[in-house]
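Here's the letter readout for the chains.
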Amino acid sequence: MIQIKITTKQILKGLQFLSYLIFIGLCIDAGAIMFNTFYTLTINSTNAKSFLQDLDLSPLYRFDQAYFITEAALMIIVTSMQALLFYLIIKILQDKKLDLKQPYTTEMKIFISNMSYLAIGIGLFSFWGAQYTKGLIAQGITMPDIESLRLGGADVWLFMGIILLVIAHIFKRGMEMQSENELTI
């Protein structure tokens, strides 16, 4: 019988690789949305028909350019914040600030707090974008679905942000207990 043993270090390397892939994909997405928004507004307004792959925002662009800009800005904000979240993950793993022997460090507390705030921000902007899109649909504008606009999952992001915020406070308490323990020794 062959036994395969995967260490924590190997798992972290794999997660770092996956984080890089996701980060690159999100940066490409955010950059594509920014470029296509600029290109549509300044050079070729027919680009709104094929804004991103099969994403047709031409009815919105024809209805009102300000609405088009707002929708694109919300998409840019959400994808950029998601990319930033994965950048933080890459940075903590790359800088080797994750010490499994003493996990309760200031860096980890700050890292988890920043991740929680970003996740809550992504959730709030996704919710705002989804509600904005629903409002546009109510006005009779043909819009793609919320997931295609990269604005879906607001509830999941908010839930994750709150959980991470709780974990950040647990880390804060762990830091306090760790320092008390070091003082008593």
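Here, every reference points to the structure presented above.
Just so you know, these numbers come straight off a predicted model, no measurement behind them. (Residues numbered from 1 in each chain as written. Predicted model: local features only at pLDDT ≥ 70, side-chain atom pairs only at ≥ 80, totals over all residues. Heavy atoms only, no water.)

Draft legend 1. Region of interest: the layout of surface pockets. In this model, the largest pocket occupies a volume close to 340 Å³. Lining the largest pocket are twelve residues, with Lys9, Leu12, Leu93, Lys96 and Leu98 sitting closest to its centre. Of all the secondary structure elements, the ones that give two or more residues to the lining of the largest pocket are helix H1 (8-42) and helix H3 (65-94). Per-element accounting of the lining of the largest pocket gives the leading share, five residues, to H1. When grouped by side-chain class, the residues that make up the lining of the largest pocket number five nonpolar, two polar and five charged. (1 Å grid on protein atoms, 1.4 Å probe; cavity = no way out; pocket = protein on both sides within 12 Å on 5 of 7 lines; lining within 4 Å. Points joined across faces, edges and corners; volume = space filled by probe spheres on them. Helix = DSSP H or I, 4+ residues; strand = E, 2+ residues; numbered from the N terminus. Nonpolar A, V, L, I, M, F, W, Y, C, P; charged D, E, K, R; others polar.)

Draft legend 2. Representation of the nonpolar core. Core analysis: the largest hydrophobic core is formed by 42 residues, its most contacted members being Phe51, Met75 and Phe111. When residues of this core are traced back to their parent elements, those giving at least two are H1, helix H2 (58-63), H3, helix H4 (106-138) and helix H5 (154-184). Ranked by residue count, the leading element in this core is H3, at 14 residues. When near neighbours in sequence (up to four residues on either side) are disregarded, Phe111 contacts Leu88, Ile89 and Ile92. (Core = buried A, V, L, I, M, F, W, Y, C linked by side-chain atoms within 4.5 Å. Buried < 20%, exposed > 50% of the residue type's maximum accessible area, 1.4 Å probe, protein only. Contact = heavy atoms within 4.5 Å.)

Draft legend 3. Region of the structure containing the side chain of Asn36. Its location among the elements puts Asn36 in helix H1. Taking the relative accessible area as the measure of exposure, Asn36 reaches 12% and is therefore buried. Beyond its immediate chain neighbours, meaning those up to four positions away, Asn36 contacts Asn47, Phe51 and Leu52.

Draft legend 4. Main features of the pattern of salt bridges. On inspection of all chains with the given rule, the structure shows four salt bridges. Close ionic contact of Arg150 with Asp29 constitutes a salt bridge, the shortest N to O distance being 3.1 Å. You can see Arg150 sitting in the loop between H4 and H5 and its partner Asp29 sitting in helix H1, a full 121 residues away along the chain. Here Arg150 falls in the partly exposed class, since its relative accessible area comes to 22%. Of the residues examined, Asp29 reaches a relative accessible area of 22% and is grouped as partly exposed. Across the pair Lys49 and Asp56 runs a salt bridge whose closest N-O atoms are separated by 3.6 Å. (Salt bridge = Lys/Arg side-chain N within 4 Å of Asp/Glu carboxyl O.)

Draft legend 5. Summary view of the environment of Arg62. For Arg62, the position within the fold is in helix H2. With 90 residues separating them in the primary sequence, Arg62 and Gly152 have C-alpha atoms 24 Å apart.

Draft legend 6. Representation of H4 within the structure. Between its first and last C-alpha, H4 extends 48 Å over 33 residues, near the 48 Å set by a 1.5 Å rise per residue. Phi for Gly140, located one or two positions after H4, is positive at around 95°. (Expected span 1.5 Å × (residues − 1).)

Draft legend 7. Representation of the packing of aromatic side chains within the structure. Taken as a whole, this structure holds seven aromatic pairs when the rule is applied. Judged by centre distance (5.7 Å) and plane angle (20°), the rings of Phe35 and Tyr39 are stacked. Here Phe35 and its partner Tyr39 are both found in helix H1, four residues apart, which amounts to about one turn of the helix. Classification of Phe35 as exposed rests on a relative accessible area of 52%. You can call Tyr39 partly exposed: its relative accessible area is 25%. (Phe/Tyr/Trp six-rings, centres within 6.5 Å; stacked < 30°, edge-to-face > 60°.)

Draft legend 8. View of the packing of H1 against H3. Between H1 and H3, the least distance of the axes is 8 Å, while the angle of their chain directions is 160°. Here H1 is positioned roughly antiparallel relative to H3, judged by the angle of their axes. Every pair of crossing elements has a handedness; the one defined by H1 and H3 is left-handed. Of the residues contributing to the contact of H1 with H3, the split by class is 21 nonpolar, nine polar and one charged. (Axes fitted to C-alpha atoms, helices over the stretch in contact; angles between N-to-C directions. Parallel < 35°, antiparallel > 145°, perpendicular 65-115°, else oblique. Left-handed = near helix turned anticlockwise from the far one by under 90°.)

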